[in-house]
Amino acid sequence: MFLAGVSNRFPVHEKRHRRGSHANRPLPAERLAAIPRQSACFQTPMHNDVREMGPTDTPRIKADVQVMFFDTDCGGVVHNIAYLRFIEIARTLLAEELGMSLVQMTETQRFPVVVRTEIDYRRGAKLGDRLSVEGWLDRVERARFWCAFRILRPADTTVIATCRQLLALVQMPQGAVLRLPNDWEKYRANGANVLAQA
């Protein structure tokens, strides 16, 4: 779904509503229950908690994941690249909250693309651990934006990793960088830079 030659991509989920409706509201429980679950052998969110946002709130999400065999090395410790997959799950959910859907991207050919990733590995997660990945919009510029993430092990409240990713909105097939949507001004005005508060 991403642009050829881009090393890290920004997947997003389908947007549920049109602009001006209830776009930031989570799916009702009965609709979530109707969504088919993937096989347990695939890394999928076990639970998603998307907080409903007010007009000046910074979008935040939480996704729960479980460490699988393919996430670990021979010692049963999570391999460093697997954390980026956990973050990609959260980034997908966050993108939906920001109004970027797979369907919309396909129609408009506008894609958010990861430009930079900064990650700090603080503790090791192990096979079978259940982790929570929190994500939020951290900073908004004219044509780029930062998303921040934190991976926690709720069982002992250990911070496993923290991460920030810089993204740009790109128009394909030209590959032209676009300005961010006008309605993102509310995040800039709100000072979307809340890493210290997270």
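As shown above, the structure is provided for reference.
For clarity, every value in this text was computed on a predicted model and none was experimentally measured.

Engineer: Help me understand the overall build of the protein chain, please; the structure alone is not making it clear to me.
Structural biologist: In terms of regular secondary structure, the protein chain is built from four helices and seven strands. Start at the N end of the protein chain and walk to the C end: the helices and strands fall as α-β-β-α-α-β-β-β-β-β-α. Of all 198 residues assigned to the protein chain, the portion counted as buried reaches 44%. Residue pairs in contact within the protein chain that sit at least 24 positions apart in sequence constitute 68% of those at least 6 positions apart. Accessible surface, the protein chain: about 10900 Å² in total, of which carbon and sulfur atoms supply 52%.

Engineer: I would appreciate a short explanation of the packing of aromatic side chains in the present structure.
Structural biologist: Any aromatic ring pair is given by two values, namely how distant the centres are and how the planes are angled relative to each other. A complete count under the given rule lists four aromatic pairs for this structure. Both rings, one in Tyr83 and one in Phe86, keep their centres 6.0 Å apart while their planes meet at 90°; by these two values the pair is edge-to-face. One end of the pair, Tyr83, and the other, Phe86, are both in helix 2 (residues 80-97), three residues apart, so they sit about a helical turn from each other. No difference in accessibility class separates Tyr83 from Phe86, as the two residues are buried. Consider the rings of Tyr83 and Tyr121, whose centres lie 5.5 Å apart with planes at 50°: the pair is tilted. Of this pair, Tyr83 sits in helix 2 while Tyr121 sits in strand 3 (residues 110-121), and the two are 38 residues apart along the sequence. Members of the aromatic cluster, each reached through a chain of ring pairs, are Tyr83, Phe86 and Tyr121. Residue placement shows Arg164 over the ring face of Trp146; its charged tip is 4.0 Å from the ring centre.

Engineer: Even after reading the chapter, I still don't get the nonpolar core, so can you show me in this structure?
Structural biologist: Here is a general trend for soluble globular proteins: nonpolar side chains tend to be buried in one another's company. Counting residues in each nonpolar core, the largest one holds 34 residues, and the members touching the most others are Phe86, Leu131, Phe145, Ile151 and Trp184. Among the elements of the structure, strand 2 (60-66), helix 2, strand 4 (130-140), strand 5 (144-153) and strand 6 (158-171) are those that each provide at least two residues to this core. The element that contributes the greatest number of residues to this core is helix 2, accounting for nine residues.

Engineer: Please explain the pairing of strand 4 as it appears in this structure.
Structural biologist: Look at any regular strand and the pattern is simple: side chains alternate between the two faces of the sheet. Most of strand 4 sits inside the fold, with nine of its eleven residues counted as buried. Pairing between strand 2 and strand 4: seven bridges, direction antiparallel. Note on strand 4: the bridge partner recorded for Ile61 is Gly135. In this sheet, strand 5 lies alongside strand 4 in antiparallel orientation, the contact comprising eight bridges. Residue pairing across strands places Val133 opposite Ile151, the latter belonging to strand 5.

Engineer: It is not clear to me how the pattern of salt bridges should be interpreted in this structure. Could you clarify?
Structural biologist: A side chain with one charge can pair with a side chain of the opposite charge if their charged atoms come near. Tallying each qualifying case throughout the model produces nine salt bridges. Two residues, Glu118 and Arg164, come together in a salt bridge whose shortest N-O distance is 3.8 Å. Of this pair, Glu118 sits in strand 3 while Arg164 sits in strand 6, and the two are 46 residues apart along the sequence. The residue Arg150 makes a salt bridge to Glu134 at a minimum N-O spacing of 2.8 Å. Residue Arg150 is located in strand 5, and its partner Glu134 is located in strand 4; the two are separated by 16 residues in the primary sequence. In this structure, Arg150 and Glu134 share a single accessibility class: buried. Put simply, Arg116, Glu118, Asp138 and Arg164 are held in one network by salt bridges that share partners.

Engineer: What is the right way to look at the environment of Asn80 in this model?
Structural biologist: Position of Asn80 among the secondary structure elements: in helix 2. Along the sequence, Asn80 and Ala161 sit 81 residues apart, while their C-alpha atoms lie 9.9 Å from each other. Side chain to side chain, Asn80 and His79 meet in a polar contact 3.0 Å long.

Engineer: Any chance you could explain helix 2 here in plain terms?
Structural biologist: A turn of α-helix holds 3.6 residues, and therefore any two residues three or four places apart point the same way. With 18 residues, helix 2 should cover 26 Å at 1.5 Å per step; its first-to-last C-alpha distance of 27 Å lies within 8% of that length. Counting buried positions along helix 2 yields 13 of 18 residues, so the element is predominantly enclosed. After helix 2 finishes, the residue Gly99 shows a positive phi value of roughly 90°.

Basis of the calculations
- Residues numbered from 1 in each chain as written.
- Predicted model: local features only at pLDDT ≥ 70, side-chain atom pairs only at ≥ 80, totals over all residues.
- Heavy atoms only, no water.
- Helix = DSSP H or I, 4+ residues; strand = E, 2+ residues; numbered from the N terminus.
- Buried < 20%, exposed > 50% of the residue type's maximum accessible area, 1.4 Å probe, protein only.
- Contact = heavy atoms within 4.5 Å.
- Areas by Shrake-Rupley, 256 points an atom, 1.4 Å probe, with all protein chains shown as cover.
- Phe/Tyr/Trp six-rings, centres within 6.5 Å; stacked < 30°, edge-to-face > 60°.
- Lys NZ or Arg CZ within 6 Å of the ring centre and 35° of its normal.
- Core = buried A, V, L, I, M, F, W, Y, C linked by side-chain atoms within 4.5 Å.
- Pairing = 2+ DSSP bridges.
- Salt bridge = Lys/Arg side-chain N within 4 Å of Asp/Glu carboxyl O.
- Polar contact = N/O pair within 3.5 Å; in protein donor to acceptor, adjacent residues only side chain to side chain.
- Expected span 1.5 Å × (residues − 1).

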